[in-house]
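A closer look at the structure
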Amino acid sequence: MYHMRLAPVQRTDTVADKVYAQLHHAIVTRALSAGSRLTEAGVAEQLKVSKTPVREALLRLREIGLIEPDGLKGNRVITASPQVLRDAFETRRALEGFAAGVAADRASDAALEAIRRLAEQSLEQAAKGAFDGYLRIDGEFHAAVAEASGNKRIARLIEDAATLMRALRYIDVPPESGVLSTARQHVDIAEALARRDSAAATRHMQAHLDAVEELFGAHELVGKRAG
């Protein structure tokens, strides 16, 4: 049923967390491919745990959108579609635009400095054509802005939407000019935050995510790399 290897989970008070972490990692890294079926009984048997923590982990994965119902007793790993990707982009645009605006007012000087450094590092990676390095720092940059908003709930929702996009999207490396452009937008966002300009931070973040959607949306859903 499953094309992956999972180590048996030790029985602790956080068994559900461990089950969730393993399944989450397997989906994002595509050890579990899109459309793979998951049942409480099957996962519990493979991980050598009871169904209760598996049920909890599957519910959490369903909340994020990484799995969806498949029949009365099963689930399946979500499959990429234009609708699902559009929903994820729109969620990020709304939430991250708000988070950037709030961060301009609330974030500490240290947090804003960290965001500035990440923006510059993303531009350095893009300029070198280091796409994997750019993607890693891009994730750190967006997470840092979300955290700087001071709203943990929104930060978690942003993380969930970003995770869903990483799990779903397969793309070829986009044009270097496009990556450079989005990296420069990181710098624009960081500069607006440094000025404590809430409106500009919101505007630059939303424009950035629009540009990212356009850049990657022009590519096929199935390709060589994760988005």
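Attention here is on the structure that accompanies the text.

About the thresholds
- Throughout this description, residue numbers start from 1 for each chain and increase along the sequence as written.
- In keeping with the predicted nature of the model, local features appear solely for residues at pLDDT of at least 70, side-chain atom pairs appear and are counted solely at 80 or more, and the whole-chain, interface and lining totals rest on all residues.
- Each side-chain value is derived from all of the structure's non-hydrogen atoms; neither hydrogens nor water enter the calculation.
- Per the convention used, a helix needs a DSSP run of H or I reaching at least four residues, while a strand needs a run of E reaching at least two, with both numbered from the N terminus.
- To sort residues, take the accessible area from a 1.4 Å probe on protein chains only and compare it with the maximum for the residue type: under 20% means buried, over 50% means exposed, and anything in between is partly exposed.
- We count Lys and Arg on the positive side and Asp and Glu on the negative side, and we leave His and both chain ends out.
- Salt bridge, as used here, is a side-chain nitrogen of Lys or Arg placed within 4 Å of a carboxyl oxygen of Asp or Glu.
- Pairs of N or O atoms are called polar contacts if they sit within 3.5 Å, as long as, within protein, a hydrogen donor faces a hydrogen acceptor (for residues adjacent in sequence, only side-chain-to-side-chain pairs).
- The term nonpolar core refers to a set of buried residues drawn from Ala, Val, Leu, Ile, Met, Phe, Trp, Tyr and Cys, joined through side-chain atoms within 4.5 Å.
- Contacts between residues were defined by any pair of non-hydrogen atoms, one from each residue, lying within 4.5 Å.
- Buriedness for pockets is judged along seven lines, at least five of which must meet protein on both sides within 12 Å for an open set on the 1 Å grid over protein atoms alone, while cavities are sets there where a 1.4 Å probe fits but cannot get out, and lining residues have an atom within 4 Å of a point.
- Grid points are joined across faces, edges and corners, and a volume is the space filled by probe spheres set on the points.
- As a working rule, the residues Ala, Val, Leu, Ile, Met, Phe, Trp, Tyr, Cys and Pro are called nonpolar, Asp, Glu, Lys and Arg charged, and the rest polar, with Gly in that last group.

With that settled, consider the side chain of D138. Its location among the elements puts D138 in helix α6 (residues 131-148). Buried and without a salt bridge, D138 has R92 as its closest oppositely charged side chain, separated by 5.3 Å. Of the polar contacts made by the side chain of D138, one reaches the side chain of H186; its length is 2.9 Å.

The next thing to look at is the environment of A26. Tracing the sequence through the fold places A26 in helix α1 (residues 15-28). The exposure class of A26 is buried, given its relative accessible area of 2%. Note: C-alpha distance between A26 and A167 (141 residues apart in sequence) is 9.6 Å.

Take the pattern of salt bridges next. For the structure shown, the criterion picks out 12 salt bridges. Notably, a salt bridge pairs R117 with E113, separated by 3.7 Å at the nearest N-O pair. Of this pair, R117 and E113 both sit in helix α5 (residues 109-128), 4 residues apart, which is roughly one turn of the helix. Salt bridges linked by common partners bring E113, R116, R117 and E120 together as one network.

This next bit is on the nonpolar core. Counting residues in hydrophobic clusters, the biggest one holds 29 residues, and the most contacted among them are V19, I27 and L61. Among all residues touching I27, those that are not within four sequence positions of it are L32, L61, L66, I67, V77 and A167. A107, L118, A200 and M205 belong to the second-largest nonpolar core, a separate cluster that totals 22 residues.

A few words now on the layout of surface pockets. Quantified by volume, the second largest pocket comes out at close to 210 Å³. Considering the residues around the second largest pocket, the lining is formed by 14 residues, among which E63, I64, L157, D160 and A161 are closest to the centre. Breaking the lining of the second largest pocket down by element, the ones donating at least two residues are α3 (51-64), α4 (82-106) and α7 (152-168). Per-element accounting of the lining of the second largest pocket gives the leading share, 6 residues, to α7. Split by residue class, the lining of the second largest pocket holds 7 nonpolar, 1 polar and 6 charged.

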